[in-house]
Amino acid sequence: MDLQLLKKQEHQRRVRKGFMWALFCAILWGLWYIPGTVVWVLNPFDEMYAEIAATNGDGMSLIITAVLITAFNALTVILALMVWNGVLGKFGEMKRTLKEFNPCSKWFFLASIFGGPMAILGSFIAMGFVGGAFAAVAALMYPVVGSILASKWYGEKISKRAFAGIVFIIFGGITIFGGGLLTEIGAGNVVWIGYIGGLMAAVGWGIEGAIAGKGLDIAEPDVGLTLRFLGENIIWWVIAVPILAILGFPMFKYALMVFEPLTMLVLVFAGITFGFCYVTWYKSFPLIGVGRGQGIGNLYGLFAVVFIALFFGDIPDWTILVGGALCLIGSSIMFSEDTSQLESLRGE
Amino acid sequence: MAGNRPIKFRILELCNKSGGAWNYEVVRQIQKEYNLKGDYQRDSINFDLIELASCSLLRDVEVMVDEEGIYKKGFLLHKYVITDFGKARAENACLMYV
């Protein structure tokens, strides 16, 4: 058997696996929008929103409620990840990695700061002060930040072709949310803080990916990701929620009211989809690189619209066809790239 | 001996010798040191090697087909050596003496 041929096949399998993980990430991320949307109208979050809105206004209320929802999301994600790591028998490795603060866990805790408070909160600020479509479009920009950082910082190779694929997918996403975006910005009463939120989302997730890529060099993806969510849980439950409670917001009152069957079910569904979307995201990075992993992950915009249409019956605008086509072109450009370029992801 | 540092650290150490180390040697050594039994753990350690190579911390210097089933019959065996980038990255983590 030809050795070079076998080597090429083995290498193609690796790249295929990387793209497959990234695609699963996009599907799960899109699925997450179902619980992520539903949870807002469930008790106790809808009551909480109404109570805070009455005194502090709608925008502020949205952000404070988002903190509690995100905190519960992080909590259910880490539960899902604990089960996952338990099944894979990785608790031992988790302990070993956690202890290595400087080379390993430092990066994952840093990733949690950028991915958690910065990106997620930024996304909610964009949603609260501009609108949902704007928040979605702003977040789509994160692979540009991620791939540029990974390339400048640790020399990750990103070919022109892969970058072209990322750009196509971004334009696809913008087209999908385009109508809503124009309506929101055209409404006229946009507050600048909403744009800052959008920027926080794009930059936050981009930086998270680049930092995670750095930590994943010498750590297990499943383990690294769990540490990243450990960090996020500490940020929300030990820092943010108590501080907001001290400032007088009814955080704990509503946190304790969350134990209703339907609310719990939706939160668990959110935890599973979000948790595994992140698992697949982190698993793709060492195989195809941060830039490509994030670029394909960006297909979540298309999947989110499709799933929301299927589950809620919201018929999307015709622009989804154009946007979806652009996304498909972008993904094909990346999938069909000659994989010998990807033998090693970094230039030496 | 039970390993007490992350597996990828130990893999980099094992590949940090002149001429490199074959993947099946590294996998067996890690399985022994970390007390990881079974095919699933074996494949999972080999996947760590693949990830390290893909991130350019290791590179393969020799490849041969596993005719006799030393590791997995019909698959490729790789001999990996740590790269300069791998050494630099591992310097503050596990290869203190480099």
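One structure accompanies this document, and this report is about it. The model shown is predicted, which means the values in this text are computed figures rather than measured ones. Residue positions are counted from 1 within each chain, in the order its sequence is given. To read the labels, note that chains go from A and ligands from 1, taken in the order they are written. At least 70 in pLDDT is required for a residue's local features to be given in this predicted model, at least 80 for side-chain atom pairs to be given and counted, and no such filter applies to totals for whole chains, interfaces and linings, which use all residues. Only hydrogens and water are set aside when side-chain values are computed; all heavy atoms of the structure are taken into account.

**Details of helix α1 (residues 3-38) of chain A**
Here is step 1: The numbering of helices and of strands both runs from the N terminus, where a helix is a DSSP run of H or I of at least 4 residues and a strand a run of E of at least 2. Here the expected length of a helix is defined as 1.5 Å per residue gap, with one fewer gap than residues. Given a rise of 1.5 Å per residue, 36 residues ought to cover 52 Å, and the 54 Å separating the end C-alpha atoms of α1(A) matches this to within 8%.
Here is step 2: Where α1(A) begins, the side chain of D2(A) points an oxygen toward the backbone nitrogen of Q4(A), at a separation of 3.2 Å. Polar contact is defined as a pair of N or O atoms within 3.5 Å, subject to the rule that within protein one atom must be able to donate a hydrogen and the other to accept it, and that residues adjacent in sequence are counted only when both atoms are side-chain atoms.

**A few points about the interface of chain B and chain A**
Here is step 1: If you look at the interface, chain B gives 36 residues, while chain A gives 32 residues.
Here is step 2: Buried area: the accessible surface (1.4 Å probe) lost by two parts on joining, summed over both. Here chain B meets chain A over a buried area of about 2,800 Å², counting both sides, of which 56% is carbon and sulfur.
Here is step 3: Considering only the surface of chain B that becomes buried against chain A, S54(B), L76(B) and R89(B) emerge as the three largest contributors, covering 21% of it.
Here is step 4: Salt bridges are counted wherever a side-chain nitrogen of Lys or Arg sits within 4 Å of a carboxyl oxygen of Asp or Glu. At the surface where chain B touches chain A, the tally comes to 3 salt bridges.
Here is step 5: In this structure, R5(B) engages E100(A) in a salt bridge whose closest nitrogen and oxygen atoms are separated by 2.8 Å.
Here is step 6: Where chain B touches chain A, the interface holds 10 residue pairs in polar contact (both at pLDDT 80 or more). Pairs of residues are marked as contacts when any of their non-hydrogen atoms sit within 4.5 Å.

**A short note on the pattern of salt bridges**
Note on pairing: side chains with opposite charge can pair once their charged atoms come close.
All names here are of chain A.
Here is step 1: Summed over all chains, the structure comprises 18 salt bridges over all chains.
Here is step 2: The shortest N-O distance in the salt bridge between E208 and R228 comes to 2.6 Å. One end of the pair, E208, is in helix α9 (residues 192-216); the other, R228, is in helix α10 (residues 221-246), and 20 residues separate them in sequence. For the pair formed by E208 and R228, the shared burial category is buried.
Here is step 3: Within the structure, one salt-bridge network assembled from shared partners comprises K90, E220, D222 and K283. Exposure categories follow from relative accessible area, calculated using a 1.4 Å probe and restricted to protein chains: below 20% of the type maximum is buried, above 50% is exposed, and the middle band is partly exposed.

**Side note on the packing of helix α1 (residues 7-14) of chain B against helix α3 (residues 38-54) of chain B**
Residues and elements named next belong to chain B.
Here is step 1: Note on geometry: axes are lines fitted to C-alpha atoms, helical ones only across the stretch in contact, with angles between N-to-C directions running from 0 to 180 degrees. For the pair α1 and α3, interaxial distance at closest approach is 10 Å and the crossing angle is 70°. Considered as vectors, α1 and α3 are oriented roughly perpendicular to each other. Contacts from I7, K8, I11 and L12 of α1 reach α3 at I45, D48, L49, E51 and L52.
Here is step 2: Classification used: nonpolar for Ala, Val, Leu, Ile, Met, Phe, Trp, Tyr, Cys and Pro, charged for Asp, Glu, Lys and Arg, polar for all others including Gly. Here the contact of α1 with α3 is built from residues that sort into 6 nonpolar, no polar and 3 charged. Between 65 and 115 degrees an angle is taken as roughly perpendicular, under 35 as roughly parallel, over 145 as roughly antiparallel, and anywhere else as oblique.

**Re a nonpolar patch on the surface**
Here is step 1: The residues that make up patches have over 30% relative accessible area and no salt bridge, and they are joined within 9 Å when like-charged or within 5 Å when they are Val, Leu, Ile, Met, Phe, Trp or Tyr. A 1.4 Å probe and the Shrake-Rupley method give the accessible areas. Residues count as covered only by the protein chains that appear here. Taken together, the side chains of I234(A), V238(A), I239(A), I243(A) and L247(A) present a nonpolar region at the surface, about 470 Å² in accessible area.
Here is step 2: By the secondary structure assignment, I243(A) is in helix α10.

**Considering the sheet that holds strand β2 (residues 58-65) of chain B**
Residues and elements named next belong to chain B.
Here is step 1: Note: two strands are recorded as paired if DSSP finds a minimum of 2 bridges between them. Spatial ordering of the open sheet is given by β1-β3-β2, a layout of 3 strands whose pairing is antiparallel. Among the strands making up the open sheet, the edge pair consists of β1 (21-22) and β2.
Here is step 2: As defined by bridge partners, β2 adjoins strand β3 (residues 76-82) across 7 bridges and the pair is classed as antiparallel. Bridge pairing in β3 places V63 opposite H78.

**Considering empty space enclosed by the protein**
Here is step 1: Think of a 1 Å grid over the protein atoms and nothing else: a 1.4 Å probe that fits but is trapped marks a cavity, an open set flanked by protein within 12 Å on at least five of seven lines marks a pocket, and residues with an atom within 4 Å of a point count as lining. Grid points are joined across faces, edges and corners, and a volume is the space filled by probe spheres set on the points. Within this structure, the stated rule accounts for 2 cavities of 30 Å³ or more.
Here is step 2: Lining the largest cavity, in full, are E156(A), G213(A), L216(A), D217(A), F285(A), P286(A), G289(A), V290(A), L345(A), R346(A) and C55(B).
Here is step 3: Counting only elements with at least two residues in the lining of the largest cavity, the list comes to α9 and α12 (261-288) of chain A.
Here is step 4: In this structure, the second largest cavity spans a volume of roughly 50 Å³.
Here is step 5: C25(A), W29(A), W205(A), F274(A), C277(A), Y278(A) and W281(A) are the residues that line the second largest cavity.
Here is step 6: Contributions of two or more residues to the lining of the second largest cavity are made by α1 and α12 of chain A.
Here is step 7: Per-element accounting of the lining of the second largest cavity gives the leading share, 4 residues, to α12(A).

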